[in-house]
Amino acid sequence: MSEPVRFLTSLSHALATLGLYGDGHPAAARAADAAHRQLADLQAALPQVEFTFLPGEVLFGRELLPELENWEWSARLAQGGIERLEVTGPVEPAQFERFLSHAAAILGLRPGEGVDLWQAGSSTIRFGRVRVDGARTEATAAPLTIATLGYSLREEQDAIGWVHQEVASSNRLPVAEAYGVVRSLSLAMHAGRAMVLPLIQLKEFDQYTTTHSINVSVLTMALAEFLGLNPSAVRAFGLAGLLHDLGKTRIPQEILTKPGKLTPAERLVVEAHPADGARMILEGKEPMNLAAAVAYEHHRCHDGTGYPVLHYPRQAHQASRLVHVCDVYDALRTRRPYRDAWSSEEALDYIAGRVGTEFDPAMAASFIEMMRRWDDRIELQSA
């Protein structure tokens, strides 16, 4: 791997980690420090460097970097307004951290005003848009191609795993990190010219809680977008989908992974997780009523059955009914200790057969239509 490629790989990791964990987190600081060291190594041979990011390719100076052909971060950076990155001299660590913070804000990886302080100032690291002659062509009438992902969502998996560990060990819900995962998943879904569903295939069942949470969040945002909800509602629903099983962090592992039938006592433990999850969300520093409602209601059925049992029956929230169908679909599509994974068509047939009893008819019909229409937009990732 060449020095320019090492730096850009380290830079993308630093941006992803900053988006997931936020400013001041040790993981973000370590990633920023590693990227800064890679930049210093690159500048040891060439003090002034210039990168150009285009969909599908990266230029170092005027030379194409073939190792980064179809690199997903090139499209991310270009679409976010960072088409050119110039480094004209030594970059201090604090200056590099400010650059990362501004770049992450512009890309939507973290909150903040994406104000570009680098273009008009004297900073030695600057970024912005650039027009490359001949690089842009007129749109044609050819069919829209489906985007694919060249990355594994490893950072997102690690982050939501860490969130679950924090909740289990300290009863503290790291809200900023959860928001960061949702923002990053949303960017991954829209990284190309057409939306793609980056769903994770489970390898080991002890990874189920984290991979299932990510898959349900992706499916929830896709269905919310398919139904025409506005972007802020889509992300709010995606956050609720990400946290819907938070209460399972209270369930002993031997019950979660038990291959046989649960005893009545074990069933009671499992059925307590919606209330436990809602309580943990509401007790956080930033209570999230929608996410709490979904955590509490996602096992309630359209006909009033399910759990928890309500003293005064009522219809579940729209987000809960939406998450419910996404939750069941991904659960059926995942291999469990006591059964093999179902095919997509088998899972959709199951949902169709329980419309009006377990599932809200409108939500189920829309989900089935979306999945059958978007079958070629699913990009399976390894856990």
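See the structure above.
The structure contained in this document is the topic of the report that follows.

Definitions and limits used
Residues numbered from 1 in each chain as written. Predicted model: local features only at pLDDT ≥ 70, side-chain atom pairs only at ≥ 80, totals over all residues. Heavy atoms only, no water. Phe/Tyr/Trp six-rings, centres within 6.5 Å; stacked < 30°, edge-to-face > 60°. Buried < 20%, exposed > 50% of the residue type's maximum accessible area, 1.4 Å probe, protein only. Helix = DSSP H or I, 4+ residues; strand = E, 2+ residues; numbered from the N terminus. Lys NZ or Arg CZ within 6 Å of the ring centre and 35° of its normal. Salt bridge = Lys/Arg side-chain N within 4 Å of Asp/Glu carboxyl O.

**Remarks on the packing of aromatic side chains**
In step 1: A complete count under the given rule lists ten aromatic pairs for this structure.
In step 2: Centre to centre, the rings of phenylalanine 51 and phenylalanine 53 are 6.3 Å apart; their planes meet at 15 degrees, and the pair counts as stacked. A single burial state applies to phenylalanine 51 and to phenylalanine 53, both of which are buried.
In step 3: For the ring pair tyrosine 329 and phenylalanine 367, a centre distance of 5.2 Å and an interplane angle of 65 degrees mean the geometry is edge-to-face. A residue pair is termed long-range when its members are at least 10 positions apart, and tyrosine 329 in helix α13 (residues 318-333) and phenylalanine 367 in helix α15 (residues 361-373) qualify at 38 residues. Like phenylalanine 367, tyrosine 329 is buried.
In step 4: Every member of this aromatic cluster is reached through a ring pair, and the members are Phe7, Phe51, Phe53 and Phe60.
In step 5: We note arginine 76 situated over the ring of tryptophan 73; from NZ or CZ to the ring centre the distance is 4.4 Å.

**Here we look at the pattern of salt bridges**
In step 1: Inspection of the entire model under this criterion finds 15 salt bridges.
In step 2: Between arginine 154 and glutamate 155 there is a salt bridge, with its nearest N and O atoms 3.7 Å apart.
In step 3: When its relative accessible area of 45% is taken as the criterion, arginine 154 is described as partly exposed.
In step 4: In this structure, aspartate 360 engages arginine 321 in a salt bridge whose closest nitrogen and oxygen atoms are separated by 3.0 Å. In this pair, aspartate 360 sits in the loop between α14 (344-353) and α15 while arginine 321 sits in helix α13, placing the two residues 39 residues apart along the sequence.
In step 5: Look at aspartate 360 and you get buried, because its relative accessible area is 10%.

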